[in-house]
Amino acid sequence: AKRPYNVRNKNRPKRPLSAYNLFFRYERQRLVRETLTENGQGNTTELEDNMKSRNKTKTGKRVHRKTHGAIGFAQLGKHISEAW
């Protein structure tokens, strides 16, 4: 006998973020903001809006976001892992 197919409700709430996810998000914003102000690039509001946006296209893919270029991925990971 076949098992019944479970249909998930699309309106169900998403799983909450873990403590590490929240820490990573805020620490990343802080590091990028500090690095940009040290480099004299000052205005970070556009970057912060890009970091917060979760826009998707009609096909469901994420819209390309500009990178800040302030800190590399490996360097960011090292800073955050040391702070965690």
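Computed from a prediction, not measured in an experiment: that's the story for all the values here.

**Overview of the confidence of the model for the protein chain**
Thought 1: On average, residues of the protein chain score 79 in pLDDT, and 76% of them reach the 70 mark or higher.
Thought 2: The least confident element of the protein chain is helix 2 (residues 45-52), whose mean pLDDT is 58; the most confident is helix 3 (residues 73-83), at 91.

**Notes on the nonpolar core**
Thought 1: Leu31, Val32, Leu36, Ala70, Ile71, Leu76 and Ile80 form the largest nonpolar core, which has seven residues in total.
Thought 2: Sorting the residues of this core by element identifies helix 1 (19-38) and helix 3 as the ones contributing at least two each.
Thought 3: Looking at this core element by element, the count peaks at three residues for helix 1.
Thought 4: With sequence-adjacent residues up to four places away left out, alanine 70 is seen in contact with Val32, Thr35 and Leu36.

The rules behind the values
Residues numbered from 1 in each chain as written. Predicted model: local features only at pLDDT ≥ 70, side-chain atom pairs only at ≥ 80, totals over all residues. Heavy atoms only, no water. pLDDT = per-residue confidence, 0-100. Helix = DSSP H or I, 4+ residues; strand = E, 2+ residues; numbered from the N terminus. Core = buried A, V, L, I, M, F, W, Y, C linked by side-chain atoms within 4.5 Å. Buried < 20%, exposed > 50% of the residue type's maximum accessible area, 1.4 Å probe, protein only. Contact = heavy atoms within 4.5 Å.

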